[in-house]
There are 2 protein chains.
Amino acid sequence: MDTQKYCYEYPRPALTTDCVIFGFDGIEINVLLIERGIAPFKGKWAFPGGFVRMDESTEEGAKRELFEETGIKDVFIEQLYTFSDVQRDPRGRVVTVAYFALVKTSDYQLLAGDDAMKAQWFKLKDVPSLAFDHDLVLRKAHNRLKSKIRYQPIGFELLDAKFTMPQLQLLYESILEIKFDRRNFSNKIMKTGLLIQLDEKVPNVPHRAPRYLMFNKKKYNELQSSGFNFEI
Amino acid sequence: MDTQKYCYEYPRPALTTDCVIFGFDGIEINVLLIERGIAPFKGKWAFPGGFVRMDESTEEGAKRELFEETGIKDVFIEQLYTFSDVQRDPRGRVVTVAYFALVKTSDYQLLAGDDAMKAQWFKLKDVPSLAFDHDLVLRKAHNRLKSKIRYQPIGFELLDAKFTMPQLQLLYESILEIKFDRRNFSNKIMKTGLLIQLDEKVPNVPHRAPRYLMFNKKKYNELQSSGFNFEI
DNA sequence: TTTTCTTTGTGTTATTTTTACACAATGATG
DNA sequence: CATCATTGTGTAAAAATAACACAAAGAAAA
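Residues numbered from 1 in each chain as written. Chains lettered and ligands numbered in written order. Predicted model: local features only at pLDDT ≥ 70, side-chain atom pairs only at ≥ 80, totals over all residues. Heavy atoms only, no water.

Description of the protein's contact with DNA strand D
Filter applied, for reference: Residue proximity to a molecule or strand is established when one non-hydrogen atom of the residue lies within 4 Å of it. For the purposes of these results, a polar contact is taken to be a pair of N or O atoms within 3.5 Å, where, inside protein, one atom must be able to donate a hydrogen and its partner to accept one; residues adjacent in sequence count only when each atom of the pair is a side-chain atom. For the purposes of this entry, the term helix denotes a DSSP run of H or I that reaches at least four residues, the term strand denotes a run of E that reaches at least two, and both are numbered from the N terminus.
Residues in contact with DNA strand D amount to 20 residues; listed here are only the nearest, R183 and R208 of chain A together with R182, R183 and R211 of chain B. Counted by atom, the contact set of DNA strand D within 4 Å of the protein is 42% sugar and phosphate. Here K201 of chain A contributes a side-chain N or O atom positioned 3.3 Å from a phosphate oxygen of DNA strand D. At the level of elements, α4 (182–191) of chain A together with α4 (182–191) of chain B are the ones that each hand at least two residues to the surface near DNA strand D.

See the structure below:
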């Protein structure tokens, strides 16, 4: 039986999506990878992804694959770049539209890995050599995250609704790979007027407890439409 | 005769590239468009573009189409975004990887328009409603250009090797849609240390003649590799 | 109960960057 | 030689950023 039933006048590359998923564990930035169970690159780690269907955009496809492979949904997602090197997939011509997503790790329990699909968080700096051109994809995603976090309040996508100033600072420092002065960082963040201070404090710490903060998304949306620019 | 000779197990979207070409006429920023001679959108204007071949990356495809349709080659080009809305092309499922290019208009004489292919520069603010989703593509390209020109010295790609400070300022003002103070703009640009002042002046102007400048690309490359950041 | 240890919360000063702004010089034209 | 339009240059005020220090909180140890 012939399975080659979709025919065209000219050859077409296959079209896939891949998704770089960033998470923050309270200390540093992590990336979610999936171990490939089949060739090519069997046993290597790669980003979740798959083929784009005819009735969905690439963004819809990326979201669908993200959910199917990790259970993650309704998170920040943004197109990163399209990788189209002729040789990037040994199986043939495959063009991939890569996305990157920011998730609150506490919202998702990774499925206990059956043999078919093993998913695991890696510290960004401990990510091993990846399948396909995913090393390049990751480098590009990290660069994008680095620049974007400075002029859009996307860092909060990686934190729980309630977080502390030290957590936020660790997040920025981990992504940007630089250190901030604790006082200047706090001043700058608070000066945006976008953080709500709660009275509640972190319990059971053997030192002065930091207060919880919340990001005021409503206020950000209001300010944004009147020409305000977030910047750290 | 059956022309449907390329067959696959699963359906595949067609993959094209489109290229937004920006040019500067000395006064304001322009966009190069091509009038469609065939349906769909016959008579409407669109960006040059076409199908990606199996032996080329999308960037190579974009460059090839750019040259075939306008004669332009060896210019600044960068991937913009991939547009994949299911309905974006009435002929069927077509995903396009859009690029944007910056050209020195004086380097290219547009081919006298035969009936098959009419190319024309439009002032950015006078661009008519375009074919496909190219209005959206243009908006995205302009936004990218706006942000990129502030932190990468790409404005010089739009000017001749020799240019003047007033020209450079008009270029920035046209792209960013804001006005700069002439003195502050000049100070900021010169402080980068990337411009070479020539002794030559613009001839035959009925007022004090501005001096010619050149962008020091060599110095930029050196500085860049030692962690310098251009910023206007 | 008091001391110790660690970390948070806050404010002031010095430095750097950005903005606002004015006047002399050039070059063709009448 | 005066006129007109535009370039070249510098300084002062204002704003943003960077450097920096001390008091307060909270658990654990003495």
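Additional details are given in the paragraphs that follow.
Description of the packing of aromatic side chains
Rule in force here: Only rings of Phe, Tyr and Trp enter the pairing, Trp through its six-membered ring, and a pair is recorded when the two centres are within 6.5 Å. The plane angle decides the type: under 30 degrees is stacked, over 60 is edge-to-face, the rest tilted. Using a 1.4 Å probe on the protein chains alone, a residue whose accessible area is under 20% of its type maximum counts as buried, one over 50% counts as exposed, and one in between counts as partly exposed. Placement of a charge over a ring requires the Lys NZ or Arg CZ to be within 6 Å of the ring centre, with the centre-to-atom vector within 35 degrees of the ring normal.
On inspection of all chains with the given rule, the structure shows 23 aromatic pairs over all chains. Ring plane angle 10° and centroid distance 4.2 Å describe the contact between F156 of chain B and F215 of chain B, whose orientation is recorded as stacked. Here F156 of chain B is found in the loop between α2 (134–151) and α3 (165–176), whereas its partner F215 of chain B is found in strand β10 (residues 211–215), with 59 residues between them in sequence. Accessibility classification places F156 of chain B together with F215 of chain B in one group, the buried group. An aromatic cluster is defined as three or more aromatic residues linked by ring pairs; in this entry it consists of F156, F163, F215, Y220 and F228 of chain A. Its guanidinium or amino end placed over the ring of Y8 of chain B, R12 of chain B lies 3.8 Å from that ring's centre, counting from NZ or CZ. When the ring centre of Y212 of chain B is taken as reference, the NZ or CZ atom of K162 of chain B above it lies at 4.8 Å.

Some details on the pattern of salt bridges
Stated formally: Salt bridge criterion: a side-chain nitrogen from Lys or Arg within 4 Å of a carboxyl oxygen from Asp or Glu.
Counted according to the given criterion, the structure contains 36 salt bridges over all chains. One salt bridge in this structure joins K162 of chain A and E200 of chain A, with 2.8 Å as the shortest N-O distance. Here K162 of chain A, found in the loop between α2 (134–151) and β9 (163–164), pairs with E200 of chain A, found in strand β10 (residues 195–201); they are 38 residues apart in sequence, far enough to count as distant. Taking the shortest distance from any N to any O, the salt bridge between K63 of chain B and E59 of chain B comes out at 3.3 Å. Linking K63 of chain B with E59 of chain B, this pair stays in helix α1 (residues 58–70), spanning four residues, or about one helical turn. Look at the salt bridges and you will find they share partners, linking R53, E56, R64, E65 and E68 of chain A into a network.

Some points on unusual backbone geometry
At the junction of A39 of chain A and P40 of chain A, the peptide bond is cis and its omega measures out at -5° in the coordinates. By the secondary structure assignment, P40 of chain A is in the loop between β3 (29–35) and β4 (45–46). A positive phi angle, close to 55°, is found at D74 of chain A, a residue other than glycine. Along the chain, the position of D74 of chain A falls in the loop between α1 (58–70) and β6 (76–83). Phi is positive for N204 of chain B, which is not a glycine, with a value near 55°. Turning to its location among the elements, N204 of chain B is positioned in the loop between β9 (195–201) and β10.

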